[in-house]
Amino acid sequence: MNSLSLLLWIIGAILVQLAVFLGYRFWQHWLEYLALRRSARARSIPVNARPSSDEAEVMALAWQGLRSFQVVQKQLEDAGQSICSFYLAPQDGLPLAPFQAGQFLTFQMELPVPGGATAAIVRCYSLSDAPDPGHYRISVKRVFAPAGSQFATGRSSNFFHDHVEVGSVLKLRAPSGHFYVDRSDAPVVLIGGGIGITPMMSMLNACLRERPEREIWLFYGVRNSREVAWKSQLETLAANHPNFHLQLCWSNPLPADVSGRDFHQRGHIDLELLRRLLPLKPYHFYICGPTPMLQGLVPALEEWGVPDQRIHFEAFGPASVQRKSAAPDPAGAPDETAALVVTFSRSGKQLPWQSSSGTLLEFAEAQGIQVDSGCRAGGCGTCQTTILAGEVAYRQTPDFDPEPGTCLMCVCTPKTNVSLEL
Ligand SMILES: Cc1cc2nc3c(=O)[nH]c(=O)nc-3n(C[C@H](O)[C@H](O)[C@H](O)COP(=O)(O)OP(=O)(O)OC[C@H]3O[C@@H](n4cnc5c(N)ncnc54)[C@H](O)[C@@H]3O)c2cc1C
Ligand code: FES
């Protein structure tokens, strides 16, 4: 045998070994994937499933309307000092209603306006820690006016940062919301962009407390070290739980931020990153972040083949994410050019609405009709309005259950000609 054929034999042997190794690894992953699918089916892991005794406890301790809470601790969470946590204990001293990790609280506040008067304002804030019998925690990001605009800074968030102190009393509704982590041991991927990290902190802490062995990935996207919150807490959790995989993804690191030491990934969280890092498993994905992030990731996950019922997401405001399952049937889709008629009866206006006119809230505001609103995302009920005639449609089930005969104008559109008591 000459040296060329020897070399060919060696290369051939290496290739065969490599092929056997890759085939074996693929087979292992495939078996693991099938086993997880079987066990998920056997346990029929329903999304957001919870024991019925917990449900009964929540129902018993939840309250109707507003309840007064006192701020017992206030704490900044990031180097840029733009995220501040508030710990809230009930003034009446009665037990707290437990909540599902990922849910939010709705606050009704009276904020000072020029001239010495006050104006009512409603805002939602996610619970940002695992349930605790003594207090709730929320974490508020200070909102500035868009660059170059004449608008005032965010009213509620700046009020929280500048005027809510230990001892302040706030009025809030019981925890609510349909975006919460399931309590099974199915592997889970949490994705938080910016202040969208708050429900993820609640989910992460609750999962690790209830099922310390559960496989959890957290992808946390911010610009750089000024914006990241709870960094040392997250790193400690990752160091203590080998099944918790932390990925800090910074899109615009500062010159002093070092990749591999301060953060794990440079750039935005996208499907390519998830495909590269995640093993082949039937993960549940929970996503909360800015609109562009949701609009990019949700359809990408669907395209990747993640079943609809394993993709859960929430926006902190109006965000239209078109789900494949909710895509209109082209045959039954409304004609873009055909207008439905919306009657605002108290205002005495009758106007043509088209799909480009947006939600009923956006449409009313564009016509100069004043509508009270809070979350603008179907969560707080502030924009609930009586329907006098006709029907409306929701793209997604709202978190707040509107009373019969009413609609949440911020998240619905007309289905037929509709008349509203407004
Ligand atoms: C379910 C849910 C959970 C949430 N959880 C959290 C959380 O955990 N943490 C958190 O920080 N936030 C959270 N939010 C967002 C929060 O509810 C508020 O929306 C946020 O704090 C901004 O409220 P604001 O009153 O400070 O700002 P606003 O006063 O509502 O102003 C918002 C922005 O609009 C600009 N603006 C003002 N007037 C106009 C105008 N005429 N046209 C255009 N722009 C204008 C302002 O300058 C500002 O930039 C959540 C929202 C929802 C729906
Ligand atoms: S504004 Fe909160 S439900 Fe519409």
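Residues numbered from 1 in each chain as written. Chains lettered and ligands numbered in written order. Predicted model: local features only at pLDDT ≥ 70, side-chain atom pairs only at ≥ 80, totals over all residues. Heavy atoms only, no water.

S.K.: Looking at this structure, how should I read the environment of Ala 130?
M.R.: By the element assignment, Ala 130 lies in the loop between β4 (118-126) and β5 (136-141). Sequence separation between Ala 130 and Leu 204 is 74 residues, and the spatial gap between their C-alpha atoms is 7.9 Å. What Ala 130 contacts, discounting residues up to four positions off in sequence, is Phe 99, Ser 202, Asn 205, Ala 206 and Arg 209. (Helix = DSSP H or I, 4+ residues; strand = E, 2+ residues; numbered from the N terminus. Contact = heavy atoms within 4.5 Å.)

S.K.: Whenever I open this one, the sheet that holds strand β17 (residues 406-408) confuses me. Can you help?
M.R.: Sheet strands pair via backbone hydrogen bonds, and the direction of the pair is either parallel or antiparallel. A sheet is described by the order of its strands in space; here five strands give the open sequence β14-β13-β19-β15-β17, paired in mixed fashion. Every other strand in the sheet has two partners, leaving β14 (349-353) and β17 as the edge strands with one partner each. Averaged over neighbouring strand pairs, the angle between their axes works out to 35° when direction is ignored. Relative to β14, strand β13 (residues 340-344) runs antiparallel, the two sharing five bridges. The residue of β14 that forms the bridge with Phe 344 is Lys 349. (Pairing = 2+ DSSP bridges. Axes fitted to C-alpha atoms, helices over the stretch in contact; angles between N-to-C directions.)

S.K.: So what exactly am I meant to see when it comes to the packing of aromatic side chains here?
M.R.: Describing an aromatic ring pair means giving the distance of the ring centres and the angle of the ring planes. Enumeration according to the criterion identifies 13 aromatic pairs in this entry. When the centroid spacing of 5.6 Å and the interplanar angle of 40° are considered together, the rings of Trp 63 and Phe 69 count as tilted. When sorted by exposure, Trp 63 lands in the same class as Phe 69, which is buried. Chaining the aromatic ring pairs together yields one cluster made of Trp 63, Phe 69, Phe 99 and Tyr 136. Above the plane of the ring of Trp 63 lies Arg 67, whose end atom (NZ or CZ) is 4.7 Å from the centre. (Phe/Tyr/Trp six-rings, centres within 6.5 Å; stacked < 30°, edge-to-face > 60°. Buried < 20%, exposed > 50% of the residue type's maximum accessible area, 1.4 Å probe, protein only. Lys NZ or Arg CZ within 6 Å of the ring centre and 35° of its normal.)

S.K.: When you look at helix α3 (residues 155-163) in this model, what are you seeing that I'm missing?
M.R.: Residues three or four positions apart in an α-helix share a direction because the helix packs 3.6 residues into each turn. Every buried residue belonging to α3 is among Ser 156, Ser 157, Asn 158, Phe 159, Phe 160 and His 161, and all of these are buried. Elements in contact with the buried residues of α3: β1 (67-76), β2 (83-90), β3 (104-112), β4, β5 and β6 (169-176).

S.K.: Sorry, what's going on with the pairing of strand β11 (residues 284-288) here?
M.R.: Look at any regular strand and the pattern is simple: side chains alternate between the two faces of the sheet. Of all five residues that make up β11, five are buried, and the element is covered over most of its length. One ladder, built from four bridges, connects β11 with strand β12 (residues 311-314); its direction is parallel. In the strand pairing of β12, Phe 285 is matched with Ile 311.

S.K.: Looking at this structure, I do not really get a nonpolar patch on the surface. What am I missing?
M.R.: Judged by side-chain polarity, Leu 4, Leu 7, Leu 8, Ile 11, Leu 15, Leu 18 and Leu 22 come together as a nonpolar surface patch covering roughly 690 Å² of accessible area. A relative accessible area of 46% places Leu 7 in the partly exposed class. (Patch = residues over 30% accessible without salt bridge, like charges linked within 9 Å, V, L, I, M, F, W, Y side chains within 5 Å. Areas by Shrake-Rupley, 256 points an atom, 1.4 Å probe, with all protein chains shown as cover. Salt bridge = Lys/Arg side-chain N within 4 Å of Asp/Glu carboxyl O.)

S.K.: Explain the environment of Pro 212 to me, please; I cannot follow it from the model alone.
M.R.: Examined against the element boundaries, Pro 212 turns out to sit in the loop between α4 (197-210) and β8 (216-222). The spatial distance from the C-alpha of Pro 212 to the C-alpha of His 241 is 7.5 Å, given a sequence separation of 29 residues. Those residues in contact with Pro 212, other than ones at most four positions away along the chain, are Cys 207, His 241 and Asn 243.

S.K.: Please explain unusual backbone geometry as it appears in this structure.
M.R.: Peptide bonds are, in most cases, trans, and in most cases residues other than glycine have a negative phi. Positive phi is not limited to glycine here, since Gln 81 has a value of about 55°. On the secondary structure map, Gln 81 appears in the loop between β1 and β2. If you check the backbone angles, Arg 376 has positive phi at about 55° while not being a glycine. In this structure, Arg 376 sits in the loop between α8 (360-366) and β15 (384-389).

S.K.: What should I look at first to understand the site of ligand 1 in this one?
M.R.: For ligand 1, the set of nearby residues contains 23 residues, the closest of which are Cys 124, Tyr 125, Phe 144, Ala 152 and Ser 157. At 2.8 Å, a backbone N or O of Lys 141 approaches an oxygen atom of ligand 1. Isolated, ligand 1 exposes 990 Å² of accessible area, and the fraction of that covered by the protein chains is 75%. When residues in the shell around ligand 1 are grouped by element, the largest group, four residues, is from β4. (Near = heavy atom within 4 Å. Polar contact = N/O pair within 3.5 Å; in protein donor to acceptor, adjacent residues only side chain to side chain.)

Function-wise, these values are silent; they only describe arrangement.
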